[in-house]
Amino acid sequence: MNTCKEMLVRAKADGMDAAQALVNMYRPLMIKASFVDGRFDEDLYQELQLTVLHCIDCFQLPNL
Amino acid sequence: MVEFEKTIMFPKNDNIGEINIIQNQFTAYLVTAVRRRRKGYLESKAKQERYEIPLTAGESRRDAPCERVMINHLHLQCVLEKLKKRELRILTMKVLKGYMLQEIADELNANCDAIRSTYYRTLKRLKGELEDK
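Summarised in this report is the structure supplied together with it. (Residues numbered from 1 in each chain as written. Chains lettered and ligands numbered in written order. Predicted model: local features only at pLDDT ≥ 70, side-chain atom pairs only at ≥ 80, totals over all residues. Heavy atoms only, no water.)

1. Considerations on the interface of chain B and chain A
Basically, it comes down to this: By the convention used here, residues are in contact when the closest approach between their heavy atoms is within 4.5 Å. By convention, the term buried area covers the 1.4 Å-probe accessible surface removed from two parts as they join, with the contributions of both added. By definition here, a salt bridge exists when the distance from a side-chain nitrogen of Lys or Arg to a carboxyl oxygen of Asp or Glu is within 4 Å. Polar contacts here mean pairs of N or O atoms no more than 3.5 Å apart (in protein, one a potential hydrogen donor and the other a potential acceptor; neighbouring residues in sequence count only if both atoms are side-chain atoms). Runs of H or I in DSSP of at least four residues are treated as helices and runs of E of at least two as strands, each being numbered from the N terminus. Gly is put with the polar residues, along with every residue not named as nonpolar or charged; the nonpolar set is Ala, Val, Leu, Ile, Met, Phe, Trp, Tyr, Cys and Pro, and the charged set is Asp, Glu, Lys and Arg.
Across the boundary between the two partners, chain B contributes 24 residues, which contact 30 residues of chain A. Between chain B and chain A, the buried area comes to about 2,600 Å², and carbon and sulfur atoms account for 76% of it. Together, B:Ile22, B:Phe26 and B:Tyr41 form the three largest contributors to the area buried by chain B at its contact with chain A, with a combined 23%. The interface formed by chain B and chain A contains two salt bridges. At the boundary of chain B and chain A, one finds six residue pairs in polar contact (both at pLDDT 80 or more). Breaking the side of chain B that touches chain A down by element, the ones donating at least two residues are α1 (2-7) and α2 (18-50) of chain B. Ranked by residues supplied to the side of chain B that touches chain A, first place goes to α2(B) with 18 residues. A class-by-class count of the residues in the side of chain B that touches chain A yields 16 nonpolar, four polar and four charged.

Here you go:
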């Protein structure tokens, strides 16, 4: 099974599948945040998808 | 699709062990980023709607006549009335309709430098009059 850490490592190494899997994994969070006054905002949803991709690039994996 | 469903099935995260800690850190990082992006998006959208000129169906912003622009600020309205017709037209085209100075010059058959100096002179005059009051 792919762990979040493995997917992050693969996504950071330009793995599109892993990045897509991470976006899918956080889809409920994005859907929830995309509702404005009870209406789904498609533009906001797309912005949030880009934010997730940006976060994958920027997140620094801690050395535990 | 089956592959996707396999990847999202995670065991219960009890925040014990490296994998769970990293996942929780990434989730917290993402939640903050999403919240900030949402706030920024809503603020920019609200700002856009506040200054938006109401248009009729099928009319683009550039086609809307200048006269339709609603100016509620009474004092600003008085100051604008003192401007020459040409100055007011240049100011409205630049500020409210978003034309470039070159486009205004083409439309009014004038030199771009002349339009630029008129525009900045008008702005300076407006600022001066508004600050005096």
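Additional details are given in the paragraphs that follow.
2. Some words on the nonpolar core
For the record, the criterion: We define the nonpolar core as a collection of buried residues of types Ala, Val, Leu, Ile, Met, Phe, Trp, Tyr and Cys that are connected through side-chain atoms lying within 4.5 Å of one another. Only protein chains enter the area calculation, which uses a 1.4 Å probe; residues under 20% of their type maximum are buried, those over 50% are exposed, and those in between are partly exposed.
Core analysis: the largest hydrophobic core is formed by 25 residues, its most contacted members being A:Cys4, A:Leu8, A:Leu22, A:Tyr26, A:Ile56, B:Phe26 and B:Leu30. When contributions to this core are tallied by element, the ones reaching two or more residues are α1 (4-12), α2 (16-25), α3 (27-33) and α4 (42-58) of chain A together with α2 of chain B. Those residues in contact with B:Phe26 that sit more than four places away from it in its chain are A:Cys4, A:Leu8, A:Leu22, A:Tyr26, A:Cys55, A:Ile56 and A:Phe59. Listed in part, the 15 residues of the second largest apolar core include B:Val79, B:Leu83, B:Ile115 and B:Tyr119.

3. Structural notes on a nonpolar patch on the surface
Residues and elements named next belong to chain A. Spelled out, the test is: To count toward a patch, a residue needs a relative accessible area above 30% and no salt bridge. Like charges then connect within 9 Å, nonpolar side chains (Val, Leu, Ile, Met, Phe, Trp, Tyr) within 5 Å. Only the protein chains shown count as cover for residues, with accessible areas throughout obtained via the Shrake-Rupley method and a probe of 1.4 Å.
A surface patch of nonpolar side chains, about 240 Å² in accessible area, is lined by Ile31, Phe35 and Phe40. Considering the arrangement of structural elements, one finds Ile31 in helix α3. Classification of Ile31 by relative accessible area gives partly exposed; the value is 33%.

4. Points about the packing of α2(A) against α4(A)
Residue and element names in this part refer to chain A. We count it as follows: Axis geometry follows a simple rule: fit a line to the C-alpha atoms, using only the stretch in contact for helices, then measure angles between N-to-C directions, giving values from 0 to 180 degrees. The labels follow the angle: roughly parallel below 35 degrees, roughly antiparallel above 145, roughly perpendicular from 65 to 115, and oblique for the rest. For a crossing to be left-handed, the near helix must be turned anticlockwise from the far one by less than a right angle; the clockwise case is right-handed.
Orientation of α2 relative to α4, taken along the N-to-C sense of each, is 125°, at an axis distance of 10 Å. With respect to their mutual orientation, α2 and α4 come out oblique. Crossing angle aside, the handedness with which α2 passes α4 is right-handed. Contacts between α2 and α4 pair Ala19, Leu22 and Val23 from the former with Gln49, Val52, Leu53 and Ile56 from the latter. Among the residues making up the contact of α2 with α4, the classes are represented as six nonpolar, one polar and no charged.

5. So, the state of the cysteines
Applied cut-off: Cysteine sulfur atoms are paired as a disulfide whenever they come within 2.5 Å of each other.
If you walk through the whole model with that rule in mind, you get zero disulfides over all chains. Left without a disulfide partner, A:Cys58 is nearest to the cysteine sulfur of A:Cys55, which lies 6.8 Å away.

6. Comments concerning the packing of α1(A) against α2(B)
Relative orientation of the contacting elements α1(A) and α2(B) amounts to 60°, with a least axis distance of 8 Å. In this view, α1(A) runs oblique relative to α2(B), as classed from their interaxial angle. Counted together, A:Cys4, A:Lys5 and A:Leu8 of α1(A) and B:Glu18, B:Ile22, B:Gln23 and B:Phe26 of α2(B) form the full contact between these two elements. Among the residues making up the contact of α1(A) with α2(B), the classes are represented as four nonpolar, one polar and two charged.

7. Considering the pattern of salt bridges
Residue and element names in this part refer to chain B. Evaluated as defined, the whole model comprises seven salt bridges over all chains. A salt bridge links Glu43 to Lys39, with the shortest nitrogen-to-oxygen separation between them at 3.7 Å. Separated by four residues within a single helix, Glu43 and Lys39 lie in helix α2, roughly one turn from each other. Using a relative accessible area of 48% as the deciding quantity, one classes Glu43 as partly exposed. Taking the relative accessible area as the measure of exposure, Lys39 reaches 54% and is therefore exposed.

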